[in-house]
Structures are given as structure tokens and as C-alpha cells.
Amino acid sequence: MISISSVNPTAAAAATAATSAAVPSIQPQRRQQLLFLSPPQHHHSRRCLTVRAIDAAQPYDYEAQLNQRFTQSTRLRIAIVGFGNFGQFLAKTFIRQGHTVYAFSRSNYSSIAQSMGAVYFSDVHDLCENHPDVILLCTSILSTEQVLKSLPLQRLRRNTLFVDVLSVKEFPKNIFLQVLPTHFDILCTHPMFGPESGKYSWQDLPFVYDKVRIGDEDSRLKRVDNFLDIFKKEGCRMVEMSCSKHDRYAAGSQFITHTMGRILEKLELEDTPINTRGYETLLDLVENTSSDSFDLYYGLFMYNKNAMEQIERLDLAFEALKKELFGHIHEVLRKQLFGKSEEGGAQKPILAKLPKNNNGTPLLPSPSESVSSRGDGGGNGR
Ligand code: NAP
């Protein structure tokens, strides 16, 4: 659009007048902004002024339509591969936000998909031929490599974005880099919540991501942002972090949490009428972790190289705590056994009064005896 004043002041005045007559209902200021002048025909011939009032051509809900067009441009077609517990949980939010969800899984989830408004494919070739913008891997950690290798990549658009949500991160990153041709984009993510902890809201829940390989075209950068925006819009705390750093932190936090949850589950804790807040927290922990599959927990252990160290630390910590407790009991018992005798040092210890063996020596030597026996060669003189 060319503004009148920038073209020719005389023409501008004429145009304003002409438009006033032609489109009287438009406010003068607005009209002035929307005039379109045709270029001058000849330097001194009569100037032909073409005026087009854009307003007149716009439907009354122009802004709403613009808004809709913008929303449509940010909508994604997301193919969820692995439509189990977590895949379905994510799908509900994607659909609520207006994205299109395609689903594929080993089991048949067609009726569940239909009930939530997702399109279920029983053949992965058909899914890929629909050219989703994003392939989101929601399979178990253990099956990820096999599932990824079984996808007909040749049926996808060449720059499709691959995303995973596995609870370990270095493993899928390496698998993606090994299996996917370089023209595919890779985003590794871990929503650090699940169907239990994110049941009511995702507000302030951490979402970790690593843009492993994204092409530098605008559309590809925008697509990643659109995907991340899904979680941003729900209020997640977005944390950009390398996969290796994630695994280090997660072994010390998430793996320990799951391990404690599973240990407590084995104790079959009861709900009592006198639950303390702390105890309630433990019951919640059991509930939060026990609904996750054992495959998931095993994956946290097997596919995070830092997990083994954490199991060992846990073991050592438990042993150290037991020692501390039993050591304390030992002290108390000694006090009860020896009473004041040890305080003054003068009285004979109770142990010295223990029954003697056949040759008259006490079963345990008194402290003074043991000192003297050490002095004469470790008691061998007897
Ligand atoms: P899961 O037991 O880790 O995975 C179940 C999914 O894996 C199902 O879709 C299942 O397909 C598929 N699967 C398992 N074995 C398979 C095989 N041999 N071949 C093909 N597909 C197979 O449970 P989940 O909770 O749904 O977790 C899915 C992913 O999300 C995991 O990688 C997990 O680490 C991640 N994640 C989970 C949570 C959570 O709170 N649950 C949170 C963050 C991230 P079928 O159902 O069709 O058998």
C-alpha cells in the first residue's frame, strides 16, 4: 500500500476528496490509510486515480478470520507412536489445543482414539503416508529402538520432526542420530510428570527439552516452537538442557523417587486414622509411582548409566543408617550393662561378674586383665 502523502500532495488531496464522496461511511483518517493509488500514467496527462478502499472489501469479522488463520498456521498434525498410558494422556491436551492427533500402537486403541477425537491407524504405513508434521515416540524405553527401526521413513515428508518423551534422554538421542537420515529434525524431550502428577494441571511442572538437530529453515524452527508452545501454554516450566545433564539429574531425583515408591509399595503401607502429613506424602508417592509400568521403571535403570551408582548409594546409605541406629542401641545397652562402673573406672564391670568357665577364668576378661595380658604378649602366657 502506498500512502497518499508519499506519492504526490496534489494527488493526495484529490484522492481524499474522491474517496470521501465514494465511501462516505469510512472515517477520514482510516480512509487515508487505506487508499491505493495507481502510478501516474504520464507526466502531464490527467492523472487517473484509482481508489480502492480495502475496508469495503473486508468482511465484518476480518480480525477474527486473521486470528483463525494464525491459529491454523500454528496447528500441528502430531502422530503419536505408542498410544498407551502416556501417549493417551498427552493426546488429550494436544486435541484440546486444536492440534490433529494421529495414533498408532502395537495394540488396537481405535475406539479410545475415536472417543477422544484422534485418528487411529492400524497400519503404520498409512499413518506415515498422511505426512504428519511431528512423529512423537511414546513407546516404552525398552521397545523404542525396535519401534523406530520398524517405521517406513521413506513414506514421511523429508524434513519431518521426530520427538520423543522417554524418561531417559541420552539413549533416544543416540538412537535417533543413528537411525534417522540427516534430513529429519530431532527434538528430545521429557515431560517430568505423568497421568497422576499432571492429572489436574501442568502448571509449573518441569518440561525438559534438547533441540538435538533442527534444520535452519524458518518453517522448521517455527514448527519446533509450535510444539514446545503446547507445553508452555499449559504453564509448564520449560527447561532447555542437554540429554546427558538430564540423565545425571534424573538418576539422582526421578530414579530414586521411583525406587523409594516401589520399596514402600512392597511394604503394603496402610491408610490409618492417624496419618501424619509426612506419611500422607509417602502414600501419595506409592500411588504416583505404582501406576507406572514396570517396563518404565526398568528402563530408568537399564538405560540411564547413572542409575546403578544411585542404587549402590542407596544401599550404602541404608547400611550406614542401620549402623548408626544399631551403634546407638549398643551404647544404650552398654550403659545398662555396665552402669556407673565405666564412669568412675573404679568398680568392676558387670561383665566381670558373668559366670566363669571350668578353669575359673571369667568368660570375658575384665578390662584390667585384658590390659595386662596385652602387656605380656597378648595373653599367650596362659
Ligand atoms: P511404558 O510401559 O513405558 O510404555 C508403554 C507403551 O509402549 C505403549 O504404547 C506400548 O504399546 C508400547 N510398547 C511396549 N512394548 C512394546 C513393543 N515391544 N513394541 C511396540 N510397542 C511397545 O508406559 P507409558 O507410561 O505409556 O510410557 C510411555 C513412554 O513415556 C515411556 O518412554 C516413558 O518413559 C515416557 N514417560 C512416561 C511418563 C509417565 O508418567 N507414565 C512420564 C514421562 C515420560 P501398546 O500399549 O500398544 O502395547
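Residues numbered from 1 in each chain as written. Predicted model: local features only at pLDDT ≥ 70, side-chain atom pairs only at ≥ 80, totals over all residues. Heavy atoms only, no water.

Q: Any chance you could explain the pairing of strand β4 (residues 134–137) here in plain terms?
A: Within a regular strand, side chains alternate between the sheet's two faces. Because side chains alternate across β4, one face comprises the buried residues V134 and L136, and the other comprises I135 and L137, equally buried. Pairing analysis gives 4 bridges linking strand β1 (residues 77–81) to β4, with the strands arranged parallel. Opposite I78, over in β4, you have V134 as the bridge partner. Across 4 bridges, the pairing between β4 and strand β5 (residues 161–164) is parallel. Paired with L137 across the bridge in β5 is D164. (Buried < 20%, exposed > 50% of the residue type's maximum accessible area, 1.4 Å probe, protein only. Helix = DSSP H or I, 4+ residues; strand = E, 2+ residues; numbered from the N terminus. Pairing = 2+ DSSP bridges.)

Q: Mind showing me how you'd approach the pattern of salt bridges here?
A: Any two side chains of opposite charge can pair, given that their charged atoms come close. All told, the structure shown has 14 salt bridges when counted by the stated rule. R96 is paired through a salt bridge with E234; the nearest N and O atoms lie 3.0 Å apart. In this pair, R96 sits in helix α6 (residues 85–96) while E234 sits in the loop between α11 (218–233) and β8 (237–240), placing the two residues 138 residues apart along the sequence. Under the relative-accessibility criterion, R96 is labelled exposed at 56%. You can call E234 buried: its relative accessible area is 15%. R223 serves as the salt-bridge partner of D185, at 3.1 Å between the closest nitrogen and oxygen. Separated by 38 residues along the polypeptide, D185 in strand β6 (residues 185–191) and R223 in helix α11 bring together distant segments of the chain. (Salt bridge = Lys/Arg side-chain N within 4 Å of Asp/Glu carboxyl O.)

Note that all results are geometric; they support no functional claim without further evidence.
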